[in-house]
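The residues making up each chain are set out below.
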Amino acid sequence: MATSAPVQRPQLIHIETDRRLGHEWDEWDGKPLPNNGDYAAPPRLFFAYSALTLLVVGAAATGLLFLLAPRLGALWAPLPAALGWILAGCCGAAVLWFAILLASFYGGVSLLPEALLERGPYLRMMNVTSRVARWLGRRDWVEHAAIDVYNTLAVRRGRTVGKGELLVLIPRCLSKGALDGVLAIAGRYEVPVFVATRGQLARRVIRERRPRAVVAVACERDMLTGLRDVAGKLPVLGLTMQLPNGPCRDAVLDLATMESWVKGLVGA
Ligand code: SF4
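Quick notes on the rules
- Residues numbered from 1 in each chain as written.
- Predicted model: local features only at pLDDT ≥ 70, side-chain atom pairs only at ≥ 80, totals over all residues.
- Helix = DSSP H or I, 4+ residues; strand = E, 2+ residues; numbered from the N terminus.
- Buried ≥ 20, exposed ≤ 12 C-beta atoms within 10 Å, placed from the backbone.
- Contact = placed C-beta atoms within 7 Å.
- Near = placed C-beta within 6 Å.
- Nonpolar A, V, L, I, M, F, W, Y, C, P; charged D, E, K, R; others polar.
- pLDDT = per-residue confidence, 0-100.
- Domains from an automatic or database assignment.
- Axes fitted to C-alpha atoms, helices over the stretch in contact; angles between N-to-C directions.
- Parallel < 35°, antiparallel > 145°, perpendicular 65-115°, else oblique.
- Core = buried A, V, L, I, M, F, W, Y, C linked by C-beta atoms within 7 Å.
- Left-handed = near helix turned anticlockwise from the far one by under 90°.
- Pairing = 2+ DSSP bridges.
- Right-handed = clockwise from strand over helix to strand, strands pointing away.

### Focus: the overall build of the chain
Moving on, step 1. For the chain, the helix and strand inventory stands at 8 helices and 4 strands.
Moving on, step 2. Along the chain, helices (α) and strands (β) appear in the sequence α-α-α-α-β-α-β-α-β-α-β-α when read from the amino end.
Moving on, step 3. Taking the principal axes of its C-alpha atoms as reference, the chain extends roughly 85 × 65 × 35 Å.
Moving on, step 4. Counting the 268 residues in the chain, one finds 31% classified as buried.
Moving on, step 5. Counted over contacts in the chain with a minimum sequence separation of 6, partners at least 24 positions apart contribute 71%.

Okay, here's the thing in structure tokens:
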């Protein structure tokens, strides 16, 4: 009599269908997020990863130059040495800037204008560091720490704008409680709120409304792309959320922080 081997059931991956995932979460496997979707991390995590990033980028550029040196030398004998000096200068400038960033953050006084600190090289550094953190599986925590450092430096500038010049941008995934809280704050300080369902729409709202400052709410992944696209041109404070029910649904946020930012920006 033929016996049948036990049939192996394919592993079921439970993916919620009652939500639309942002593309940043395309690879989510439906499992609960670590620590209930709270990626809080200290600033030193970002600084450690960005130091590693500087090291990796510097080593990669040096290695490439070393490999290409014979060919470059055949083109023009002094070329490898000249490029070596340029590379050394760039590495030195990057290390000096990083030291100034550390001193500004921990010293409590920004030592460079914002275009040279949080709204300039910092945004680029944040993006490259996020890629390194992605390879090492610590993306969300490192991005959270990076956004916290950015916010600390940006809040410290003490900028104020008129009520109509501030825009609050929120995502479509807020829980009812969080949404009610945001609307109550916006009502108290008479600032407009927009739900930005996609990054593209957020940029359109900004183009059309022409605010002088933005308080944006998003998860770490969405916030990083948003800051990269907008924060270089416009002052933005970015409030990250917790995702207790996984990405793109029922997100909660720190309403006290949001209120203090809105209040500070409108000078109330
Ligand atoms: S902000 Fe919300 S909706 Fe947008 S990608 Fe993040 S979790 Fe999803």
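From this point on, the discussion continues.
### A closer look at the site of the ligand
Moving on, step 1. Surveying the vicinity of the ligand reveals 13 residues, the closest of which are G22, P171, C173, C219 and C248.
Moving on, step 2. When its residues are assigned to classes, the shell around the ligand shows 9 nonpolar, 1 polar and 3 charged.

### Focus on the confidence of the model for the chain
Moving on, step 1. Mean pLDDT over the chain stands at 91; residues scoring 70 or higher make up 93%.
Moving on, step 2. Note on residues 1-17: pLDDT is under 50 here. Beyond four places in sequence and across chains, it has 6 contacts.

### Examining the domain arrangement of the chain
Note on interface size: it is often stated as the accessible area lost on association of the parts.
Moving on, step 1. Here the chain is partitioned into domain 1 (43-140) and domain 2 (158-265).
Moving on, step 2. If you average the C-alpha positions of domain 1 and of domain 2, the two centres end up 30 Å apart.
Moving on, step 3. The interface is formed by 6 residues belonging to domain 1 together with 6 residues belonging to domain 2.
Moving on, step 4. Per element, the largest residue contribution to the side of domain 1 that touches domain 2 is 4 residues, and it comes from helix 3 (residues 121-135).

### Points about the packing of helix 1 (residues 43-75) against helix 2 (residues 79-107)
Moving on, step 1. At a closest axis distance of 9 Å, the pairing of helix 1 and helix 2 adopts a crossing angle of 175°. One finds that helix 1 runs roughly antiparallel with respect to helix 2. In this structure, helix 1 uses P43, F47, L54, G58, A61, T62, L65, A69, L72, G73 and L75 to contact helix 2, whose residues at the interface are L79, P80, L83, G84, L87, C91, A94, V95, F98, L102 and F105.
Moving on, step 2. Of the residues that constitute the contact of helix 1 with helix 2, the class distribution is 18 nonpolar, 4 polar and no charged.

### A few points about the nonpolar core
Moving on, step 1. Counting 58 residues, the largest nonpolar core has V168, L169, V214, V215 and V262 as its most contacted members.
Moving on, step 2. Here this core takes 8 residues from helix 4 (residues 139-156), the largest share from any one element.
Moving on, step 3. The residues that make up this core include at least three from each of domain 1 (43-140) and domain 2 (158-265).
Moving on, step 4. Apart from the residues within four sequence positions on either side, V214 is in contact with L167, L169, I206, V230, L234 and V236.

### Here we look at unusual backbone geometry
Moving on, step 1. Even without being glycine, N35 reaches a positive phi, approximately 50°.
Moving on, step 2. Structurally, N35 can be placed in the segment before helix 1.
Moving on, step 3. You will see that E190, though not glycine, has its phi angle at about 55°, which is positive.
Moving on, step 4. Counting through the fold element by element, E190 comes out in the loop between helix 5 (176-189) and strand 2 (193-195).

### Quick look at the packing of helix 5 against helix 8 (residues 255-265)
Moving on, step 1. Contact pair helix 5 / helix 8: the axes reach a minimum separation of 10 Å and the direction vectors enclose 20°. Relative to helix 8, the element helix 5 is oriented roughly parallel. Here helix 5 runs over helix 8; the crossing is right-handed. Facing G181, V182, I185 and Y189 of helix 5, the residues of helix 8 in contact are L255, M258, E259, V262 and K263.
Moving on, step 2. Residues of the contact of helix 5 with helix 8, tallied by class, amount to 6 nonpolar, 1 polar and 2 charged.

### Observations concerning the pairing of strand 3 (residues 213-218)
Moving on, step 1. Across the 6 residues of strand 3, 6 count as buried, placing the element largely inside the fold.
Moving on, step 2. Burial along strand 3 is two-sided: the residues A213, V215 and V217 and V214, A216 and A218 are all buried.
Moving on, step 3. In this structure, strand 1 (residues 166-170) lies alongside strand 3, joined through 4 bridges in parallel fashion. Considered in strand 3, the bridge of L167 is made with V214.
Moving on, step 4. As judged from the 5 bridges shared by strand 3 and strand 4 (residues 236-240), these two strands associate in the parallel manner. The partner of V214 across the bridge, within strand 4, is V236.
Moving on, step 5. Viewed along the sheet, the connection from strand 3 through helix 7 (residues 220-230) into strand 4 turns out right-handed.

### Points about the pairing of strand 4
Within a regular strand, the side chains alternate between the two sheet faces.
Moving on, step 1. In terms of burial, strand 4 is largely enclosed, as 5 of its 5 residues are buried.
Moving on, step 2. Burial along strand 4 is two-sided: the face carrying V236, G238 and T240 and the face carrying L237 and L239 are both buried.

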